[in-house]
Structures are given as structure tokens and as C-alpha cells.
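Examining the three-dimensional arrangement
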Amino acid sequence: DFIRVLCNQSLVQKLCPSCKIPIDKVDATVTDASPKALSYYGQVKASLNSIQIDQSLICIRNSEGCSACKYTGVIGVRVIAETLVPNDHVLSFVSKGEINEARNYWAKEMNGMSIVDHALILIEQGLIDPYRIFTTYGGLKPTNFVSGCQ
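Residues numbered from 1 in each chain as written. Predicted model: local features only at pLDDT ≥ 70, side-chain atom pairs only at ≥ 80, totals over all residues. Heavy atoms only, no water.

A few points about the overall build of the protein
From N to C terminus, the protein includes 6 helices and 4 strands. The order of α-helices and β-strands along the protein, N terminus first, is β-β-α-α-β-β-α-α-α-α. Seen along its three principal axes, the alpha-carbon backbone of the protein occupies a region of about 55 × 30 × 25 Å. A total of 150 residues make up the protein; the buried ones form 38% of that total. (Helix = DSSP H or I, 4+ residues; strand = E, 2+ residues; numbered from the N terminus. Buried < 20%, exposed > 50% of the residue type's maximum accessible area, 1.4 Å probe, protein only.)

Description of the side chain of Asp129
By secondary structure assignment, the location of Asp129 is in the loop between α5 (115-124) and α6 (130-137). Within polar-contact distance, the side chain of Asp129 engages the backbone nitrogen of Arg61 at 3.0 Å. Within the local environment of Asp129, its side chain forms a polar contact with the backbone nitrogen of Tyr131, the two atoms lying 2.8 Å apart. The residues touching Asp129, leaving out its near neighbours within four places in the chain, are Leu15, Tyr41, Cys59, Ile60 and Arg61. (Polar contact = N/O pair within 3.5 Å; in protein donor to acceptor, adjacent residues only side chain to side chain. Contact = heavy atoms within 4.5 Å.)

Notes on the packing of aromatic side chains
Two aromatic rings, taken as a pair, are described by how far apart their centres are and by the angle between their planes. What the rule picks out here adds up to 1 aromatic pair. A centroid spacing of 6.0 Å and a plane angle of 55° characterise the contact between Phe93 and Tyr105, whose relative ring orientation is tilted. Here the residue Phe93 occupies a position in helix α3 (residues 88-95), and Tyr105 occupies one in helix α4 (residues 99-108), the gap between them amounting to 12 residues. Owing to a relative accessible area of 18%, Tyr105 belongs among the buried residues under this scheme. (Phe/Tyr/Trp six-rings, centres within 6.5 Å; stacked < 30°, edge-to-face > 60°.)

What about the environment of Ile3?
For Ile3, the position within the fold is in the segment before β1 (6-15). Through-space distance from the C-alpha of Ile3 to that of Leu91 is 9.0 Å; in sequence the pair is 88 residues apart. Leaving out residues up to four positions away in the same chain, Ile3 has contacts with Pro86 and Leu91.

Some words on the packing of α3 against α4
Taken N-terminus to C-terminus, the directions of α3 and α4 make an angle of 160°; their axes are 7 Å apart at the nearest point. Relative to α4, α3 is oriented roughly antiparallel. Both α3 and α4 take part in a crossing whose hand is left-handed. Of the residues in α4, those touching α3 at His89, Val90, Phe93 and Val94 are Ile99, Glu101, Ala102 and Tyr105. Of the residues contributing to the contact of α3 with α4, the split by class is 6 nonpolar, 1 polar and 1 charged. (Axes fitted to C-alpha atoms, helices over the stretch in contact; angles between N-to-C directions. Parallel < 35°, antiparallel > 145°, perpendicular 65-115°, else oblique. Left-handed = near helix turned anticlockwise from the far one by under 90°. Nonpolar A, V, L, I, M, F, W, Y, C, P; charged D, E, K, R; others polar.)

Some thoughts on the nonpolar core
Counting 25 residues, the largest nonpolar core has Leu48, Leu120, Ile123, Ile133 and Leu140 as the members making the most contacts within it. At the level of secondary structure, the elements contributing two or more residues to this core comprise α2 (35-49), α5 and α6. If you tally residues by element for this core, the top one is α5, at 7 residues. Non-local contacts of Leu48, meaning those with residues more than four positions away in its chain, are made with Ile23, Ile53, Gln55, Ile58, Ile123, Pro130 and Leu140. Counting residues in each nonpolar core, the second largest holds 6 residues, with Val90, Tyr105, Trp106 and Ala107 among its members. (Core = buried A, V, L, I, M, F, W, Y, C linked by side-chain atoms within 4.5 Å.)

Thoughts on the environment of Lys14
As for its placement among the helices and strands, Lys14 is situated in strand β1. Setting aside chain neighbours within four positions, we find Lys14 in contact with Gly73, Val74, Ile75, Gly76, Val77, Arg78, Leu127 and Ile128.

Some remarks on α6
Among the residues of α6, those classed as buried are Pro130, Tyr131, Ile133 and Phe134. Here the buried residues of α6 occupy an arc of 165° about the axis, which is enough to place them on one side. Where α6 begins, the capping side chain belongs to Asp129, and its oxygen is found 2.8 Å from the backbone nitrogen of Tyr131. In the stretch just after α6, Gly138 is the one whose phi turns positive, near 70°. (Arc of directions from axis to C-beta.)

So, in C-alpha cells, the structure goes:
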């Protein structure tokens, strides 16, 4: 009972609902973006295409913003998180230094939702920018993401 829960959390910016840009319009609307930025968005789109995710609501931040968001493209922050309530199996792996085994057990046997899975739910709802998650977490690799989770 010493370790009851472990939590990894991060704050992510919420997109302004008034000026966010649908991801399928990126090439046309972000013409002033650098080639590197457009390349990243291409990688994000390819990553999203490799996941079973509804892309109809996915949006990116409008860097110019609007009056509703004070020209920032965002309207605050929210939490994304992953949690683990460790059991004897997990604690055994950890005590032996077998961290990858503990994570695999958590993901497969305990159906753990990773921080990227949580972010993908918000991305699918059009609430956060997939580009920020892609660059922060080194991709959009789901653990146990299921499209349509609320």
C-alpha cells in the first residue's frame, strides 16, 4: 500500500474554437510556414493516417489567432495524463529494474492508457493541436487508443 498510484501528466494548449484550422486545410492556409514546419505537418498527417482515428474534426493552431483568443490561437490549457495503480506484478518488475516489462504489462494486461492515447482523444475531438503532441512525444504512437472515446 506504499505506492498507491503513479501519474504522468502534462499541460497542453487548447485550440481557439473561433480560429483553429482544420488539418486538411493546412497546405492551403499555412503557405507562409517554413518548409521544415510543412514537413512536420506532413509527418503528422502520415502518422494520423496510420492510426484508426476520425480525422474530420482534427485541427491545428492558427498562429495569427483572432480577437476571441487575443491573437494567440489558444484559449488556455488542459491536462493530459496517464495513470498506473500498481499491483504486485508491476511492483515486482520495478523492484527488479525491469521497467520495460512493467510498462508492457501495464499496457497489455492492465489496458493502460498512455499520455499519447489521452492526447489522441483530444486531437480527434479537435481540441488540441496534433503537431504539439507529435513534437513533444516523438510521434503519435498509440498504446491502447480507441477512436471515439469520450
